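# Residue-level structural notes
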Amino acid sequence: MSTLELRGLAARYGKKPVLHGLDVSVAEGEFFVLLGPSGAGKTTTLKCVAGLVDRTEGAVVIGGRDMAGVEPYERNVAMAFESYALYPQKTVADNLASPLRSGRLGTWTEAERAARIDAVTTTLGIDHLRERLPKELSNGQRQRTALGRVLVRPADVYLLDEPLSHLDAKLRATMRAELRRLGEFSRTTTVYVTHDYQEALALGDRIGVLRGGRLVQVGTPAELWDAPHDTFVARSLGQPEMNLLPARADGGVAITGGGLAVGVDTDVSGPVELGVRPRDLTVTAGQTHPGGFRIRGRVELAERLGRSVELSVRTEGVGPGDTLIAVTDDPDVREGTSVTLSTEHTRVHVFAGGGRAPGPEGDGRAGHAHRVGNARPRTDSEGEQR
Amino acid sequence: MATRERRPGSRRFSPAAAGADLLLVLWFAFSLFPILWMILLSLKTQAEQTSTYFRFTPTLENYTTVLSSEGERITSVDFTGALFTSLVTSLGAVALSLAIGVPAAYAAGRWAYRGSGDVMFTILSFRFAPELMVIVPLFIIYNQLGLFDTAFGTIWVLQLVTLPLIVWILRSYFQDLPEELEQAALLDGYTRTRAFLTVALPLVRPGIAASALLAFIFAWNNYVFPLILTGSENPTVTVAVTRFLGGGGQAYYNLTAAAALLAALPPLLVALSIQRYLVHGLSFGAVKS
Amino acid sequence: MSATMEQGTARRLRLADLHKTYRSRGREAFAAVRGIDLDIEPGEMVALLGPSGCGKTTTLRMIAGLESVTSGSVRIGEREVGDLPPGKRDIGVGFESYALYPPLSVRENLAYGLRARRSMPDARIRERVEAVAERLEVTDLLDLRPAALSSGQKQRVALARALVRNPPVLLLDEPLSHLDAGQRQRVRRELKVLQREFGYTTIVVTHDQLEALSLADRMAVMDGGTIQQFGTPDEVFDRPANRFVADFVGEPAINLVPGEAADGAVDVAGAGRLPVTVAASGPVELGLRPQDCRLSAEDTAGEGPAATVEVLEDLMEFGLATVALDGGGARMVVQTEGGASWSAGDRCRVQAPGERVHVFAPDTGERLA
């Protein structure tokens, strides 16, 4: 177990720069999650730490020791690959024994090796699979074996690359809870790579959001949730994604195209985006009493998502043709009905400086507006809407 | 409803399909005829060898002649000795190529370094450059170095045939092998050499087998190099066969046919026994390189 | 909507006792589809949902005519189409892989199906392609090649190509599978709005239960080549016909735990009692959705199996608690409020309203009424 530090880490893949100076410091025993879309450089980061990809600049420091020039087999890190990378010609037991047999990670007698493998297969519930070959395993079983090969050996740092991504949704949820239950991960410094925000929230002591080879924000799940650094982070967390309403701020008031006005900091001016998470919107039939942040609209689509219902609400106060997404647990909200969406002003995030209207294909190529704070009630006496 | 299988829009009989089948049969007969002719020829007596009749008294005499000292009297080359020489030189050439080619293919498949493309192209160029282009200088060099008409000399020159094959086929195998397997081995505490030996090498065994057998066949069948670079001491079987066509006086077509068929047997047996393997190995190399 | 879009009227689609058996020499015959009966109303959107290998794609391919029918009937409107080649069935198909022709522009891709038919003058074809393109917001993409499109755009183009022939019946195979989470949601909503507006009779094949629940008017849950349940999303979610349906539909997955029923209540794995609304007795299997359960303090009045919290996952919008029921063995997942209200090691009771406790026969897995 060790600390892990990345100092200005940069790397290329072929000739293409993939990482542009990552700085992060992972504490001893911390479970650190790297979250980002594909191509963001998550796997490259892990492989730089493992020494499988050469950094072009910066440093990887494990336990205070700079890893420059240290071969992968001398770094004492264990990694689970997204592809599992199980040796196809070896049984599960032999796959697990592989790190114990290299002689470089410690010496074990045959009996000690057997005991370690035993403990791991029992923990992961793959006792009965020990004599199977990888091709005879299901994806879930392969994934457990790959985890087993990590857990079976002592290591300073565990690196896990999308370990759950090839599992179906249900198995993924079960394994997620199981990872939490495994004590090994709470004792060993771990870097966990994923594109699934639920995994990140559920598992991470801290999360680093990676985009285009840069860390956009590092923080605890709550920090990222409550104060996303920009619209990219905001939309990376939560499904359905956060609603973003284009507006224009001036003199402490931001007004959307449809005339909805909220209070903002007086030093914010120009185009802004107001962000509201679908689950933060309370849905009420018809009109409600004033107060808070309120938008009226008509339910265009009501889609059942299990117990909750996802509403596409064509709004009156946002802008022409703009649709807001809201989630309600009330199964009786029907399509075509008029509803009011409301929330606290503190749940409305204000983003500025993106210089872009969010389109349906908003994909991160344009700039992402930075969060400048929350909305608040207007100080003047005008109504909330119109 | 009928329970009969129906394929919507499937065709049943059409004249076009029948015509295509007929063409295929004709082509088949055309391509196999020379082989049939060779077999017939090898069973004919000296007197009948130039006749074009299909009716004759078959005899195995030609085969015994070729394999006995009588054959050696005619050609002044020991045919069974040549078979043995071919076996030794072909196997030797393949072994040497594997020793050099497997690591080379691994390096070529795993790492791109400055000039790696050029190196691979040079190796391949051995294959498509006509052998006659280099044969004169090689002849002079072999004479100077005392390699002329030696088994080792033949093994050496056959590298031009076997090495490119093995390197190019195996490179595709190594490229298809996920690099992460070796990376996993590195993190398990194995050095690069051990990762190669314990992880990568066992997994390309089918490729090694396919390319080695293919290289063996090519080495065995090579004619031009041994023709010029061997004499009467260590000729290969391909050279020995042509001796029956005679240099001085009579041409023994029937003996030539028998010798050629005997010479074709080892590669044929190898090819048949591993046919599926071989096709897989070749197409494997073909789709990715 | 343009005048060229009008004539295709949605038709009823009926499958009766549809079978598909694959026979190949030297192998045992494999029955991929074993007797499917479906009656789909004109303009209805139906999802075929199931795990891979359940026969849903084979069924779709039989309707499209890409796969021969072993026995049974496929009727579109009043016409039996089981014997017709694919081109003559009046069906639009959107493939999972988009199946756009790479060397052709989007415009040519859309026109291709109409040209192949040779039944329409070029001017009409152009008109029609443009009308559909406008409706699906791909007008700007008409002169691009497929390679230049994002996956969301490809999906829309593939959809446009299925629609351009104005088929009375539309078949879509995993239409959203290649999109990332955000795009999937947007395209899903768009697809539903379009389907409503055009009124096609539509079958969507999917393995994603969320997609089926949100898109379909009615859904057929398939397993082992047969339909396990056919009903509205509400019916399937709230009254699953058997253990398979209950387990396949819903996320997080339903908890299946053994129980003993008697007198309007069940004993849950020996850890405590929950009310039920069915008159069952003896051993049963219980289905409890994580969203329908709640945790309360151990000393709260009322029933509910006692348990210990093992793991709490805080997903901000809500939490998921994995609890171990007393008596060992059974674990359950319970959805909790967001924010860490519980922590590992806490003692608690699991409670659920009786009408939300699903009761299945332990042997057959069938729902007990």
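Not measured: the values here are computed from a predicted model. (Residues numbered from 1 in each chain as written. Chains lettered and ligands numbered in written order. Predicted model: local features only at pLDDT ≥ 70, side-chain atom pairs only at ≥ 80, totals over all residues. Heavy atoms only, no water.)

### Notes on the overall build of chain A
- In terms of helices and strands, chain A carries 9 helices and 21 strands.
- Viewed in the frame of its principal axes, chain A has a C-alpha envelope of about 80 × 45 × 35 Å.
- Across the 386 residues in chain A, those meeting the buried criterion constitute 56%.
- Within chain A, contacts between residues at least 6 apart in sequence are counted, and of these 66% link residues at least 24 apart.
- With an accessible surface of roughly 15400 Å², chain A has 47% of that area assigned to carbon and sulfur atoms.
- Between the mean site of the 48 positive side-chain charges and the mean site of the 50 negative ones, chain A shows a separation of 4 Å. (Helix = DSSP H or I, 4+ residues; strand = E, 2+ residues; numbered from the N terminus. Buried < 20%, exposed > 50% of the residue type's maximum accessible area, 1.4 Å probe, protein only. Contact = heavy atoms within 4.5 Å. Areas by Shrake-Rupley, 256 points an atom, 1.4 Å probe, with all protein chains shown as cover. Lys, Arg positive; Asp, Glu negative; His and termini not counted. Charge placed at Lys NZ, Arg CZ, Asp CG, Glu CD.)

### Points about the overall build of chain C
- The helix and strand inventory of chain C stands at 8 helices and 20 strands.
- By principal-axis analysis of the C-alpha atoms, chain C measures approximately 80 × 45 × 40 Å.
- Put simply, chain C has 369 residues, and 54% of those count as buried.
- Intrachain contacts of chain C at a sequence separation of at least 6 include 67% that bridge at least 24 residues.
- Counting only carbon and sulfur atoms, one obtains 48% of the accessible surface of chain C, whose full area is about 15100 Å².
- Positive and negative side-chain charges in chain C, numbering 44 and 53 respectively, have mean positions lying 10 Å apart.

### A short note on empty space enclosed by the protein
All names here are of chain C.
- Within this structure, the stated rule accounts for 6 cavities of 30 Å³ or more.
- One number sums up the size of the largest cavity: a volume of about 90 Å³.
- Every residue lining the largest cavity is listed: G94, F95, Y98, Q155, R156, A158, L159, L172, P175, V187 and L191.
- When residues of the lining of the largest cavity are assigned to their parent elements, the largest contribution, 4 residues, is made by helix α4 (residues 151-164).
- Tallied by class, residues from the lining of the largest cavity come to 8 nonpolar, 2 polar and 1 charged. (1 Å grid on protein atoms, 1.4 Å probe; cavity = no way out; pocket = protein on both sides within 12 Å on 5 of 7 lines; lining within 4 Å. Points joined across faces, edges and corners; volume = space filled by probe spheres on them. Nonpolar A, V, L, I, M, F, W, Y, C, P; charged D, E, K, R; others polar.)

### Topic: the pairing of strand β9 (residues 218-223) of chain C
All names here are of chain C.
- Judged from the 4 bridges that link them, strand β3 (residues 45-49) and β9 form a sheet pairing that is parallel. Looking at the pairing, V46 lines up with R218 of β9.
- The pairing of β9 with strand β10 (residues 226-231) spans 5 bridges and is classified as antiparallel. Counted as the bridge partner of M222 is I227 from β10.
- Where β9 hands over to β10, the hairpin turn is made up of 2 residues, of which G224 adopts a positive phi near 55 degrees. (Pairing = 2+ DSSP bridges.)

### Structural notes on the packing of helix α2 (residues 106-117) of chain C against α4(C)
Residues and elements named next belong to chain C.
- With their axes 8 Å apart at the nearest point, α2 and α4 run at an angle of 30 degrees to one another. On the basis of their axis angle, the class for α2 and α4 is roughly parallel. Note on packing geometry: the crossing formed by α2 with α4 is right-handed. Where α2 abuts α4, its residues V106, N109, L110 and L114 lie against V157, A160, R161 and V164. (Axes fitted to C-alpha atoms, helices over the stretch in contact; angles between N-to-C directions. Parallel < 35°, antiparallel > 145°, perpendicular 65-115°, else oblique. Left-handed = near helix turned anticlockwise from the far one by under 90°.)

### Remarks on the interface of chain A and chain C
- Taken together, the contact between chain A and chain C spans 34 residues of the former and 41 residues of the latter.
- Summed over both partners, the interface of chain A with chain C buries about 3200 Å², with 50% contributed by carbon and sulfur atoms.
- Considering only the surface of chain A that becomes buried against chain C, A:K170, A:R304 and A:R307 emerge as the three largest contributors, covering 23% of it.
- Its salt-bridge partner being C:R189, residue A:E310 comes within 2.6 Å of it at the nearest N-O pair.
- Scanning the region where chain A abuts chain C turns up 18 residue pairs in polar contact (both at pLDDT 80 or more).
- Looking at the side of chain A that touches chain C, the elements with two or more residues in it are α5 (169-181), α7 (197-203), α8 (221-226), β16 (293-305) and β17 (308-315) of chain A.
- Across the side of chain A that touches chain C, the residue classes break down as 14 nonpolar, 6 polar and 14 charged. (Buried area = accessible area lost by both parts, 1.4 Å probe. Salt bridge = Lys/Arg side-chain N within 4 Å of Asp/Glu carboxyl O. Polar contact = N/O pair within 3.5 Å; in protein donor to acceptor, adjacent residues only side chain to side chain.)

### Comments concerning the side chain of A:S312
- One can find A:S312 in strand β17.
- Using a relative accessible area of 2% as the deciding quantity, one classes A:S312 as buried.
- Ignoring anything within four residues of it in the chain, the contact list for A:S312 reads A:R298, A:V299, A:E300, A:L301, A:E303, A:T323, A:L324, A:I325 and C:R189.

### Observations regarding the side chain of B:T85
- Mapped onto the fold, B:T85 is located in helix α4 (residues 79-110).
- Discounting chain neighbours no more than four positions away, the residues touching B:T85 are B:N234 and B:P235.

### Topic: the interface of chain A and chain B
- Chain A puts 23 residues into the contact, and the matching count from chain B is 17 residues.
- With both chains or domains summed, chain A and chain B bury close to 1800 Å², and 54% of this area falls on carbon and sulfur atoms.
- Contact with chain B buries surface across chain A, with A:Y73, A:Y87 and A:Q89 losing the most and accounting together for 29% of the total.
- The interface formed by chain A and chain B includes 2 salt bridges.

### Some remarks on helix α13 (residues 253-273) of chain B
Residues and elements named next belong to chain B.
- For α13, which comprises 21 residues, the first-to-last C-alpha distance of 30 Å matches the rise-based estimate of 30 Å (1.5 Å per residue) to within 8%.
- The largest bend in α13 comes to about 35 degrees, at L265, with the proline P266 one to four residues further on.
- Turning to α13, its buried residues are N254, L255, T256, A257, A258, A259, L262, A263, P267 and V270.
- Its buried side turned inward, α13 meets α1 (15-42), α2 (61-67), α3 (69-75), α4, α10 (205-221) and α12 (237-242). (Expected span 1.5 Å × (residues − 1). Bend = angle between axes of the 7 residues up to and from the residue.)

### Quick word on the nonpolar core
- Counting residues in each nonpolar core, the largest one holds 51 residues, and the members touching the most others are A:L179, A:F185, A:Y192, A:L201, A:I207 and A:L237.
- Examining the composition of this core, we find that 5 residues originate from one element, α7(A), more than from any other.
- A:L9, A:A40, A:A50 and B:L186 belong to the second-largest nonpolar core, a separate cluster that totals 41 residues. (Core = buried A, V, L, I, M, F, W, Y, C linked by side-chain atoms within 4.5 Å.)

### Overview of the sheet that holds strand β19 (residues 338-343) of chain A
- Read from one edge to the other, the open sheet built from 5 strands follows the order β15-β19-β16-β17-β18 (chain A), with strand pairing classed as antiparallel. Each edge of the open sheet carries a strand with a single partner, namely β15 (282-285) and β18 (323-328) of chain A. Across the sheet, the mean angle separating the axes of adjacent strands is 45 degrees when strand polarity is ignored.
- Of the pairings in the sheet, the one linking β15(A) to β19(A) comprises 4 bridges and is antiparallel in character. Each residue of the ladder has a partner; that of A:A285, found in β19(A), is A:V339.
- Helix α5 (residues 181-198) of chain C contacts β16, β17 and β18 of chain A of the sheet and is inclined by roughly 80 degrees relative to β16(A).

### Things to note about a nonpolar patch on the surface
All names here are of chain B.
- On the surface, a nonpolar cluster with roughly 380 Å² of combined accessible area is contributed by F28, L32, I35 and I39.
- Inspection of the secondary structure assignment puts I39 in helix α1.
- With a relative accessible area of 38%, I39 lands in the partly exposed category. (Patch = residues over 30% accessible without salt bridge, like charges linked within 9 Å, V, L, I, M, F, W, Y side chains within 5 Å.)

### Overview of the packing of α10(B) against α13(B)
Residue and element names in this part refer to chain B.
- Running from N to C, α10 and α13 point in directions that differ by 170 degrees, and their axes come no closer than 10 Å. Taken together, α10 and α13 sit at an angle that is classed as roughly antiparallel. Our pair here, α10 against α13, has a crossing hand that is left-handed. Facing α10, whose interface residues are L213, F216, I217, W220 and N221, α13 presents A263, P266, P267, V270 and A271.
- Residues that form the contact of α10 with α13 fall into these classes: 9 nonpolar, 1 polar and no charged.

### Some remarks on unusual backbone geometry
- Put simply, A:Q239 and A:P240 share a cis peptide bond, and its omega is -5 degrees.
- Here A:P240 lies in the loop between α9 (231-236) and β11 (243-250).
- Each neighbour pair has its own omega, and for C:E251 with C:P252 the value is 0 degrees, a cis peptide bond.
- Relative to the helices and strands, C:P252 is located in the loop between α8 (243-248) and β11 (255-262).
- A positive phi angle, close to 70 degrees, is found at A:Y84, a residue other than glycine.
- Counting through the fold element by element, A:Y84 comes out in the loop between β6 (77-80) and α2 (92-101).
- On the basis of relative accessible area, A:Y84 is assigned to the buried category, the value being 5%.
- Of note in the backbone geometry, C:M316 takes a positive phi value of approximately 70 degrees without being a glycine.
- Positionally, C:M316 belongs in the loop between β16 (306-314) and β17 (318-325).

No statement about biological role is implied by the geometric values presented.
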